[in-house]
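Coordinate analysis (summary)
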There are 2 protein chains.
Amino acid sequence: MSRMRDAFHDELNALTQRLVQMTHLVRSAISRATTALLDADLQLAESVISQDAEIDRLYKELEAAIFELMATQQPVAVDLRTAITALRMGGDLERMGDLAEHVAKIARMRHPDSAIPPELRDTILEMGQIAERLVTKTGSCIANQDVDLAKELDDDDDAMDRLHRRLFRVLLSKNWTHGIEPAIDITLTGRYYERYADHAVRVAHDVVYLVTGDRPEVASDS
Amino acid sequence: MSRMRDAFHDELNALTQRLVQMTHLVRSAISRATTALLDADLQLAESVISQDAEIDRLYKELEAAIFELMATQQPVAVDLRTAITALRMGGDLERMGDLAEHVAKIARMRHPDSAIPPELRDTILEMGQIAERLVTKTGSCIANQDVDLAKELDDDDDAMDRLHRRLFRVLLSKNWTHGIEPAIDITLTGRYYERYADHAVRVAHDVVYLVTGDRPEVASDS
């Protein structure tokens with residue numbers, strides 16, 4: 001029995017490794033997508049789009065490993081919670097990969113132009129940087145079961161929301177001269193970054209839940 | 001042991017009831033949200049926004065019931081799959097409630113005006129109707145474990161995607177005279193309906209997975 005329990009905990013450890021690896025891939029994806037958007041770099045955009053399959057594959061492997069684990073090990077209650085929560089964390093990370101891919105598709109669609117007009121480049125760059133910071137912290141939360149770091153993510157998420165509102169202010173100002181199409185692109189792009197951030201925060205909150213048993217107050221999706 | 005198994009299956013049955021009840025609530029939510037949007041009806045919009053808490057509560061109850069079930073019953077592999085999948089279905093339905101709430105918030109934000117200009121009223125109405133049809137079919141799929149019906153949902157989802165593309169065509173046509181703000185509203189609204197449909201299809205696909213063990217080809221999120 002004790003050997004079985006050890007095997008179970010080794011497996012959970014392997015799940016953690018997979019989740020951390022997913023944070024690396026989705027960080028790289030949003031970083032490249034942001035650069036593709038700002039530089040109108042088609043190759044970089046294509047790389048994000050084609051490499052999303054790798055993130056999807058990791059998630060499927062995670063799912064299969066968890067199902068296998070739960071089917072063979074008859075884990076006790078607390079480990080069930082860990083396994084199910086790991087599944088949800090994987091689902092959120094997989095979704096973050098999709099959102100990075102959406103940003104890359106907007107870059108591809110407008111190539112050789114940039115979808116981002118000059119007066120919004122700094123805002124989009126900052127949104128991309130916050131997205132990267134969030135997911136990097138999320139990865140550290142997972143790797144180190146760091147509850148205090150998880151709480152820091154809320155501040156970054158607030159900063160993301162402020163930048164998101166700034167996008168709309170610029171779109172609706174009298175000085176907006178770029179017309180409808182860039183406004184649509186920016187509306188969608190802003191939504192993708194904001195959702196990406198929300199999912200990163202959810203994953204970090206799941207770490208808090210696993211470590212403490214309490215779920216942090218969930219910020220409503222604006 | 002056999003009595004324990006029976007208790008487990010009664011519980012799973014109760015989960016199904018909860019999921020079906022969630023489909024009723026999220027159908028009502030998107031129906032009222034669409035009407036609130038088209039009629040600029042503030043009270044109706046407020047009702048969707050305030051009643052989302054009820055959907056969230058149902059999801060939390062479902063989650064607690066599933067955790068309790070898995071902790072106490074030591075279910076075998078196939079039932080674990082059912083329980084975990086039910087959890088994911090609940091998560092998708094909870095998200096559909098959020099998306100209906102987002103539509104209602106756009107209606108509230110533009111009140112006493114309507115966020116939808118005359119030339120797009122029919123498209124938005126149709127998107128709302130397809131959303132309702134999708135979730136109603138999803139509810140039947142769950143209640144009756146109906147795999148054939150689940151396949152029908154893909155056609156409705158294709159129709160939703162066509163309407164979504166029509167929105168953009170109208171926004172980008174030379175005849176668009178409403179400026180940026182309604183374009184932003186419609187871009188976001190279209191995205192919310194399209195995501196609502198995607199989640200409904202995911203839930204139906206999960207029914208197929210539970211019944212047949214195979215996962216239908218997943219349409220990529222456009």
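Since the model is a prediction, treat every value here as computed from it, not as a measurement.

1. A word on the overall build of chain A
Of the regular secondary structure elements, chain A holds 6 helices and 0 strands. Each helix and strand of chain A, placed in order from N terminus to C terminus, yields the pattern α-α-α-α-α-α. Against the globule reference of 17 Å for 222 residues, chain A gives a C-alpha radius of gyration of 19 Å, in line with a compact fold. Principal axes of the C-alpha set define a box for chain A whose edges measure 70 × 35 × 20 Å. When burial is assessed residue by residue, chain A has 56% of its 222 residues classed as buried.

2. Examining the packing of helix H4 (residues 121-144) of chain B against helix H6 (residues 180-212) of chain B
Residue and element names in this part refer to chain B. Closest axis-to-axis distance for the H4/H6 pair is 9 Å, and the angle between their directions is 15 degrees. With respect to each other, H4 and H6 are oriented roughly parallel. For the pair H4 and H6, the sense of crossing is left-handed. Taken together, the residues of H6 that come into contact with H4 (itself represented by Ile124, Met127, Gly128, Ala131, Leu134, Val135, Thr138, Cys141 and Ile142) are Thr189, Gly190, Tyr193, Tyr196, Ala197, Ala200, Val201, Val203, Ala204 and Val207. In terms of residue class, the contact of H4 with H6 is made up of 15 nonpolar, 4 polar and no charged.

3. Some words on the relation of the copies chain B and chain A
Taken together, a rotation about one axis and a shift along it account for how the two chain copies relate. When chain B is brought onto chain A, the operation consists of a screw motion whose angular component is 180 degrees and whose axial shift is 0.0 Å, with 0.0 Å RMSD remaining. Such values leave the two copies arranged in the relation of a two-fold axis.

4. Concerning the UniProt feature "domain: PhoU" (unreviewed entry) in chain A
As annotated by UniProt and renumbered to match this structure, "domain: PhoU" (unreviewed entry) occupies residues 20-106 and 124-207 of chain A. A helix fraction of 89% and a strand fraction of 0% characterise residues 124-207 of chain A, whose end C-alpha atoms lie 28 Å from each other.

5. Comments concerning the interface of chain B and chain A
With 33 residues of chain B at the contact, the number on the chain A side is 33 residues. Between chain B and chain A, the buried area comes to about 2,800 Å², and carbon and sulfur atoms account for 66% of it. It is Phe67, Ile84 and Ile180 of chain B in chain B that bury the most area against chain A; as a group they hold 19% of the surface buried on that side. Of the charged contacts in the structure, one is a salt bridge between Glu63 of chain B and Arg88 of chain A, with a shortest N-O distance of 2.8 Å. The tally of links between chain B and chain A comes to 2 residue pairs in polar contact (both at pLDDT 80 or more). Elements supplying a minimum of two residues to the side of chain B that touches chain A: helix H2 (42-73), helix H3 (77-110), helix H5 (147-172) and H6 of chain B. With 10 residues, H6 of chain B is the single largest residue contributor to the side of chain B that touches chain A. Residue composition of the side of chain B that touches chain A, grouped by class: 19 nonpolar, 5 polar and 9 charged.

6. What to know about unusual backbone geometry
Residues and elements named next belong to chain A. In the segment running from His111 into Pro112, the intervening peptide bond is cis, with an omega of 10 degrees. Of note, Pro112 is situated in the loop between helix H3 (77-110) and helix H4 (121-144). Positive phi outside glycine occurs at Gln145, with the angle close to 50 degrees. What makes Gln145 exposed here is its relative accessible area of 54%.

7. Here we look at the pattern of salt bridges
All names here are of chain A. This structure, assessed with the given rule, holds 34 salt bridges over all chains. The residue Glu181 makes a salt bridge to Arg110 at a minimum N-O spacing of 3.3 Å. On the criterion of sequence distance, the pair formed by Glu181 in helix H6 (residues 180-212) and Arg110 in helix H3 is long-range, its members being 71 residues apart. Of the charged contacts in the structure, one is a salt bridge between Arg191 and Glu194, with a shortest N-O distance of 3.3 Å. Of the two residues, Arg191 and Glu194 both sit in helix H6, 3 residues apart, roughly one turn of that helix. Of the residues examined, Glu194 reaches a relative accessible area of 0% and is grouped as buried. Through salt bridges with shared partners, a single ionic network connects Arg18, Glu54, Arg57 and Glu61.

8. What about the environment of Ala150 of chain A?
Residues and elements named next belong to chain A. Topologically, Ala150 is positioned in helix H5 (residues 147-172). The spacing of Ala150 and Arg27 is 123 residues in sequence and 17 Å in space, taken between C-alpha atoms. Aside from chain neighbours lying at most four places away, what touches Ala150 is Cys141, Ala204 and Val208.

9. Remarks on H4 of chain A
Between the first and last C-alpha of H4 of chain A there are 35 Å, a value that for 24 residues agrees with the 34 Å anticipated at 1.5 Å per step. Gln145 of chain A sits one or two residues past H4 of chain A and shows a positive phi near 50 degrees.

10. Remarks on the packing of H5 of chain B against H6 of chain B
All names here are of chain B. The interhelical angle for the contact between H5 and H6, taken along N-to-C directions, is 165 degrees, at an axis separation of 9 Å. Taken together, the axis directions place H5 and H6 in an arrangement best described as roughly antiparallel. In the packing of H5 onto H6, the handedness of the crossing is left-handed. Here the contact of H5 with H6 is built from residues that sort into 16 nonpolar, 5 polar and 6 charged.

11. Focus on the packing of aromatic side chains
The full count for this structure, using the stated rule, is 0 aromatic pairs over all chains. Above the ring of Tyr209 of chain B, the side-chain terminus of Arg81 of chain B is found at 5.0 Å from the ring centroid.

The rules behind these values
- Residues numbered from 1 in each chain as written.
- Chains lettered and ligands numbered in written order.
- Predicted model: local features only at pLDDT ≥ 70, side-chain atom pairs only at ≥ 80, totals over all residues.
- Heavy atoms only, no water.
- Helix = DSSP H or I, 4+ residues; strand = E, 2+ residues; numbered from the N terminus.
- Rg over C-alpha atoms; globule rule 2.2 N^0.38 Å.
- Buried < 20%, exposed > 50% of the residue type's maximum accessible area, 1.4 Å probe, protein only.
- Axes fitted to C-alpha atoms, helices over the stretch in contact; angles between N-to-C directions.
- Parallel < 35°, antiparallel > 145°, perpendicular 65-115°, else oblique.
- Left-handed = near helix turned anticlockwise from the far one by under 90°.
- Contact = heavy atoms within 4.5 Å.
- Nonpolar A, V, L, I, M, F, W, Y, C, P; charged D, E, K, R; others polar.
- Least-squares fit on C-alpha atoms with pLDDT ≥ 70 in both.
- UniProt positions renumbered as here; feature names shortened; annotations may be inferred.
- Buried area = accessible area lost by both parts, 1.4 Å probe.
- Salt bridge = Lys/Arg side-chain N within 4 Å of Asp/Glu carboxyl O.
- Polar contact = N/O pair within 3.5 Å; in protein donor to acceptor, adjacent residues only side chain to side chain.
- Expected span 1.5 Å × (residues − 1).
- Phe/Tyr/Trp six-rings, centres within 6.5 Å; stacked < 30°, edge-to-face > 60°.
- Lys NZ or Arg CZ within 6 Å of the ring centre and 35° of its normal.

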